[in-house]
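Survey of secondary and tertiary structure
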Protein chains: 2
Amino acid sequence: MSDTSDRRFQEQLAVYAEVAVRIGLNLQPGQQLLVNASTDAAPLARLIAAEAYRAGAELVDVLWSDPGVTLARFRHAPTESFDLHPTWRGEAFRQVGERGDAVLYLHSPNPNLLAGQDPEKLRLHQRATDRAMRPYNEARDRQRSNWTIVSVPNYAWAASVFPDLPTEAGRRRLWEAIFEAVRLNEGDPVAAWNNHIADLNRVLVHLNGRRYARLHYRAPGTDLEVGLPEEHRWMSARFLTDRGTPYIANLPTEEVFTSPHSGHTEGTVAASLPLSYGGILIENFGLRFEAGQVVEAWAESGYETLMGILATDEGARRLGEVALVPHASPISQSGLLYYDTLFDENAACHLALGRGFTFTVDDWQGKSDEEIAAAGINRSLTHIDFMVGSSEMDIDGVRADGSVEAIMRGGEWAF
Amino acid sequence: MSDTSDRRFQEQLAVYAEVAVRIGLNLQPGQQLLVNASTDAAPLARLIAAEAYRAGAELVDVLWSDPGVTLARFRHAPTESFDLHPTWRGEAFRQVGERGDAVLYLHSPNPNLLAGQDPEKLRLHQRATDRAMRPYNEARDRQRSNWTIVSVPNYAWAASVFPDLPTEAGRRRLWEAIFEAVRLNEGDPVAAWNNHIADLNRVLVHLNGRRYARLHYRAPGTDLEVGLPEEHRWMSARFLTDRGTPYIANLPTEEVFTSPHSGHTEGTVAASLPLSYGGILIENFGLRFEAGQVVEAWAESGYETLMGILATDEGARRLGEVALVPHASPISQSGLLYYDTLFDENAACHLALGRGFTFTVDDWQGKSDEEIAAAGINRSLTHIDFMVGSSEMDIDGVRADGSVEAIMRGGEWAF
């Protein structure tokens, strides 16, 4: 009941719904909208439905899931039944892809929900879900659908971020942190987002114009050179559907990113924030690269988990993403660790071990898998972000002719 | 949070889930279960999922809906769009019918939710829903699926039943009333239900053996004779699937019922409880019948609404159901008006204006629509229950030879 008792909170929630529908999805009149939500997210889902209809949606429906029902299945259903997936859930998504409609994901992470459950159940469940979602995911890859992810606190997530607060206070505090991160506290959030996207676009235009051959990172504990594919393209989370509708695939978003060349990383990097992986915290860790590959790793805690990540496959010891986030990002300024990639990756410059993005290669739609791999894109099955940025980080761009230009100084854009 | 703070309440909720799955559905090992629930009902839905897996369910999934999302549609979507229905919702049900699986409806009535909305939207919405549900409803009519309805309080419903209580206290009080009505407060609720069903069966065997030609009701304000079709059969809410699984289509259930002959009612009846219809309360009303048809009606309040019901179609002025409920029924003893048919019809002997039940005619599956009508079954499009029973009601059965036998005395079984 506390959600309904606070008028200012309700107003902010309505603005959050507006930003999700207008800025994130950029929902077009006559589109249908499928909202994918946990039952935890019902108050926001209702506001999103109202806002989507105001934006001209023909039909809004919510495909709900519930963490308690999921947990009951893992606790009580036999392993072999996990090959089953309710086909109507995949069918709901398939129809969205077929019609070119929109999907809004209300992301309410509950990282420890399935801790301790049978890994075979988890594997079968993930495989069955992937299979059910394939038709929509393929339509999404062909840019048939505008979609976005926004986050919704729940008690379990809030307890991870604010372990010292009582449950309701923690959840409220997490709401406040999310509202700040998605720029709701600025006078006109829609205008703030339009300005922010224009800023990210200026960064993209600049970086794509310079065609850097490699990036040079320097910070305490870090002296790293990361080679970029010749045909690399910097991107933001702003995409275009095949009908030309721009949308932003997640809110917040602060990064510009591309895929590095998986064979051309040299030197040492120190993580600037802990990495939360499978419920284990890896702290004060670093990596040394030679010819693109990790040849040494260290960690103050969680070393075995880090070794496990690196052993996933051959590509897990190589980089798959370089992302630049200024230290002035609102998420960075919050000083919080969210234990959720959607936030933590937008708090600092980061790298990822593992799989790179096909779509950051110029003209990727016309290239074969072999050509993508030959361009230097990491083909690992995993993708693990870790944070390296701070107010002490300098980054240079090095062009093919050896000339050096400042990209970041003291964690901020330098061009 | 109050739902999780009270251990005894949690225990009762778990027993309610057990009774719903074991007694209501009688879920069979290897069946899949589709739960149809409002997001309000999440705590119970989780317990039902766990109980269904314990009973051997292969897969439990919940098809959720949310009253706030529904209301947003009525408020903001254009009228012509109400012809649309998310096809995946109908598809989820169609698959249940095809596989012979089970459906559990968590009924959480919110009678005033759509008060004041455009009647044309309501009409289109109902038509689109009926169309989407048709494949499952047809499978259900062929007894392909075991299904049951159990109720879940929400704040709006609780406020109707307990207008003087604060919201949370009202909801808790309504839970207690429901727990009492479904016999959870007896030592062994499962055994209590088995006994109760055996009692109802004894009543059915007796009544079906007597082949009464008509019933004669006497109470203050009531002197009514209701003719029964020659081929009538008395039934309870306990049905059998085509694979021989017995199940109970709603909990609570206290009634035995059949369809009267629509042309053979004579005399006067006084309602013993108010009738809530479309948000209007019809109080202290009565009807006079000649040759099966209402020829006079009166009401202390809600007279125009009563006239509206009677004007729906020709059959709305004739009876379609006679149901017998002893005054000792736990729902009757609660003294509450629930504003919901599932409860109120199980509180007292009742009649219904409008459509009769095809399946109370012997060998109905082998009969044409014309033969069903010729048997005296009312073919109206409406069906409105109203309560006539009390501790002052006597009912006699009159056989074809004119002999008279006591069925009820002072509101209780007399045989």
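Okay, so let's go over this structure. (Residues numbered from 1 in each chain as written. Chains lettered and ligands numbered in written order. Predicted model: local features only at pLDDT ≥ 70, side-chain atom pairs only at ≥ 80, totals over all residues. Heavy atoms only, no water.)

Turning next to helix H1 (residues 7–25) of chain A. All names here are of chain A. In a regular helix each residue adds 1.5 Å, so 19 residues correspond to 27 Å; H1 covers 26 Å between its end C-alpha atoms and thus fits that length. For H1, the full list of buried residues reads Phe9, Gln12, Leu13, Tyr16, Ala17, Val19, Ala20, Val21, Ile23, Gly24 and Leu25. The residue sitting at the N-terminus of H1 and contributing the capping side-chain oxygen is Asp6; that oxygen lies 3.0 Å from the backbone nitrogen of Arg8. Among the residues trailing H1, Asn26 stands out with phi positive, at a value near 50 degrees. (Helix = DSSP H or I, 4+ residues; strand = E, 2+ residues; numbered from the N terminus. Expected span 1.5 Å × (residues − 1). Buried < 20%, exposed > 50% of the residue type's maximum accessible area, 1.4 Å probe, protein only. Polar contact = N/O pair within 3.5 Å; in protein donor to acceptor, adjacent residues only side chain to side chain.)

If you look at the interface, chain A gives 35 residues, while chain B gives 36 residues. If you look at where chain A meets chain B, you find 4 salt bridges. Across the pair Asp61 of chain B and Arg89 of chain A runs a salt bridge whose closest N-O atoms are separated by 2.8 Å. The interface formed by chain A and chain B includes 8 residue pairs in polar contact (both at pLDDT 80 or more). Mapped by element, the contributors of at least two residues to the side of chain A that touches chain B are strand S1 (32–38), helix H2 (42–54), strand S2 (59–65), helix H3 (67–76) and helix H4 (87–99) of chain A. Residue contributions to the side of chain A that touches chain B peak at 7 residues, all from H2 of chain A. Across the side of chain A that touches chain B, the residue classes tally to 19 nonpolar, 9 polar and 7 charged. (Contact = heavy atoms within 4.5 Å. Salt bridge = Lys/Arg side-chain N within 4 Å of Asp/Glu carboxyl O. Nonpolar A, V, L, I, M, F, W, Y, C, P; charged D, E, K, R; others polar.)

Another point: the packing of aromatic side chains. Applying the stated criterion across every chain yields a total of 39 aromatic pairs over all chains. Each ring, one from Trp147 of chain A and one from Tyr247 of chain A, has its centre 6.3 Å from the other, and the planes form 50 degrees; the classification is tilted. Placement of the pair is Trp147 of chain A in strand S4 (residues 147–151) and Tyr247 of chain A in strand S8 (residues 246–248), with a sequence separation of 100 residues. Tyr247 of chain A matches Trp147 of chain A in its accessibility class, with the two residues each being buried. Centre to centre, the rings of Phe285 of chain A and Phe386 of chain A are 5.9 Å apart; their planes meet at 55 degrees, and the pair counts as tilted. Of this pair, Phe285 of chain A sits in strand S12 (residues 280–290) while Phe386 of chain A sits in strand S16 (residues 383–387), and the two are 101 residues apart along the sequence. The ring centre of Phe82 of chain B lies 4.5 Å from the NZ or CZ of Arg73 of chain B, which sits over that ring. Sitting above the plane of the Trp193 of chain B ring, Arg183 of chain B keeps its charged end 5.6 Å from the centroid. (Phe/Tyr/Trp six-rings, centres within 6.5 Å; stacked < 30°, edge-to-face > 60°. Lys NZ or Arg CZ within 6 Å of the ring centre and 35° of its normal.)

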